[in-house]
Structure formats: structure tokens, C-alpha cells
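# Coordinate inspection notes
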Amino acid sequence: MAADRGEQALDNSLGNPTVPRILLGAELRRLRTAAGISRGAAGYAIRGSDSKISRMELGRISFKPRDVADLLTLYGVCDESERAMLLELMDQANAQSWWHAFADVVPTWFEAYLGLEDAASVIRCYQTRLVPGLLQTEDYARTVIRLGNPTADPVEVERRVALRMNRARVLRRSRPPKVWAVLDEAVLRHSPGGRGEPMRGQVEYLLELSRLPHVTVQVVPSHRGPRYADAGAGPFSILRFPEAALPDIVYLEQLTSATYLDKAEDLDVYATVMDQLCLDAIPAPDTAGLFTDVINRL
């Protein structure tokens, strides 16, 4: 079973350490639990603490080869092929990601999302004020980034723009994720910075993207959207992964932090809201007409 999970990660996560890290952590947790060993005892065995074991099992830190080897021995994993697969998974988990080159503009709390977004097979998102980052044009992104980072110098702004454009490459790869974006109508009526030209190009780009077979964009008319905002349902994303061992993740972003939810009860609530938003929104085939109307008015 461990070998199957490892092979799946090898097939689907090349160049992205996030999923191998989560899968290896989950497997270490399963092995520890099956062996009846506490986190404290496991931490002591690798000259660490129970909190270190917790972070390892949640996939939040990198892995030292000696630590993983010692834990496998402690948990009674003696089969050489199983050990080799898990150690190979560890190598992937410790690999540098493509966003490592943007470490100067990637806050720690956002790193995990970049890996999850890059690995997801389905991305569903709801936005109330801005076009989702994955669907932004370069000019629109630059305007939004300047507004959100008023003290940033031009070099930092361009670095952040480049990061966002690199994220968007996932839409053009050979096996792209299914992206389903639901926007409040206010997103189309609000031009960031009060400038119309970036918005016109942005809506034209949304029209182009909506024609791709793996991208769906819907718009919730203004008279239907406020009830979600009034209930506290701000922007959120739901990510699903091809790996069976990974649960769906709900991502909530704040100005200087983010929350990641994976409990079934939380997922059910957000999935229900997302489904209702899709029902309230203009049907996807009719969205192109709305985009064309907005373009003509800008």
C-alpha cells in the first residue's frame, strides 16, 4: 500500500515537493500509529520532540534522511523495497520547487498553497472583488499588486507579477487541472486603481479562457450575491487532488496569513456554498455574452 502511494506521487508530482511531503508525512503517521508508538517516543528516537514529529506528519517541514531511516526502523519497516520507495519519496519531498526562485516575494504561509495549486486536479474558487490570481492578465496583476503592496519598489512589483504569471502556466500544460471560477458581478464592474484599460484586457482574457475545455467561469448577478457576503462567505478556493490519500483542501486567504481546512465538516459547508453559487450564477454557456457586453462598455 505504501509503495502504491509512493508510485502515485512519483507519477503526478514531479517538480512539486508539496504532495510528496504530505504523502510521506501521512505514511509516517500511519506507520507510527500501527506500531503503537507515541509522538513523544518517536521524537525522542530521532533526537527531537513530539512537535517535530507532528510537523513531519503534517508535511510542514522537510525531512532529514537519518530521521526518516531511524523512524522506519523504529516502526518495524524492514522490507527493503518499501524502505527504498519511502526514501525516494523523501527525496522528492526535499526537492526545490519552481517557486523557490521567488523566495524573496513568497511569504511562508503562501508556500503551501503554491504547491497545492500546482498539484491539484480540480480548482474551484469564488471571488467577490478581484479576478482570481490564476486567471489574471499581466497588466491586471500588476495593478492589483501595486495596490496591495503600496510600499513595494518597482523591482519587487515585477517579481510578484512574474510569480503570478508562472502560476498561470498550469492552465497551459499538457494535463491541466479543471478550473471552475465563480465571480460576483462586482468583479467585472470594478476596475482596480480606477483604470479601465487593464480591466478591458482582463475581461477579454476571461472570455478567451472560458473557451478552454478545462476552464469554466460563471458570474453571480449582483442581486443574488450579497447573501453570501452578509453570511461571512468571502473569497475561498477548494482544491482536489488525484492522489486518493490527500483530502480536499479549502483555502482562505487573509492580508498577511492564510487558513487551510481539510476537516470533512468544513469541506461539506464550503462545497455546499460553492454548489449553490454555481446554481445562482449565470449558466456557463451564457457567460460569454456577459463578457462581450462588459467589453463593449469599457
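All residue numbers refer to position in the chain's written sequence, counted from 1. Local features in this predicted model are restricted to residues whose pLDDT is 70 or higher, and side-chain atom pairs enter the listing and the counts only when it is 80 or higher, whereas totals over whole chains, interfaces and linings include all residues. The side-chain numbers reported here are obtained from all heavy atoms of the structure, hydrogens and water having been left aside.

## Some thoughts on the packing of helix 8 (residues 138-148) against helix 9 (residues 154-167)
Here is the rule we go by: Angles shown run from 0 to 180 degrees and are taken between the N-to-C directions of axes, each axis being a line fitted to C-alpha atoms and, for helices, limited to the stretch in contact. By definition, any uninterrupted DSSP run of H or I lasting at least four residues is a helix, any uninterrupted run of E lasting at least two residues is a strand, and each is numbered from the N terminus. By definition in this entry, angles of less than 35 degrees are roughly parallel, angles greater than 145 are roughly antiparallel, angles of 65 to 115 are roughly perpendicular, and the rest are oblique. The crossing is said to be left-handed when, going from far helix to near helix, the turn is anticlockwise and less than a right angle, and right-handed when the turn is clockwise. The contact rule is simple, with two residues in contact once any of their heavy atoms fall within 4.5 Å. Residues are grouped as follows: Ala, Val, Leu, Ile, Met, Phe, Trp, Tyr, Cys and Pro are nonpolar; Asp, Glu, Lys and Arg are charged; all remaining types, including Gly, are polar.
Remark: helix 8 packs on helix 9, axes separated minimally by 9 Å, with the N-to-C direction vectors making an angle of 130°. Taken together, helix 8 and helix 9 sit at an angle that is classed as oblique. Of the two elements, helix 8 crosses helix 9, and the hand of that crossing is right-handed. Across the interface between the two elements, Glu 138, Ala 141, Arg 142, Val 144, Ile 145 and Arg 146 from helix 8 touch Val 157, Glu 158, Arg 160, Val 161, Arg 164 and Met 165 from helix 9. Here the contact of helix 8 with helix 9 is composed, by residue class, of six nonpolar, no polar and six charged.

## Side note on the environment of Gly 59
Selection criterion: Only protein chains enter the calculation, and the probe is 1.4 Å; a residue is then buried if its accessible area is under 20% of its type maximum, exposed if over 50%, and partly exposed in between.
Within the secondary structure, Gly 59 is located in the loop between helix 4 (50-57) and helix 5 (65-74). The class for Gly 59 is buried, based on a relative accessible area of 13%. In this structure Gly 59 touches Arg 21 and Ile 22, once residues within four positions along its chain are discounted.

## Overview of the confidence of the model for the chain
What counts, and what does not: For every residue, the predictor states its confidence as a pLDDT score lying anywhere from 0 to 100.
Chain-level pLDDT for the chain is 89 on average; 91% of the residues reach the 70-or-more range. Here residues 1-14 is a poorly scored stretch, pLDDT under 50, and it has 27 contacts once near neighbours within four places are set aside; other chains count.

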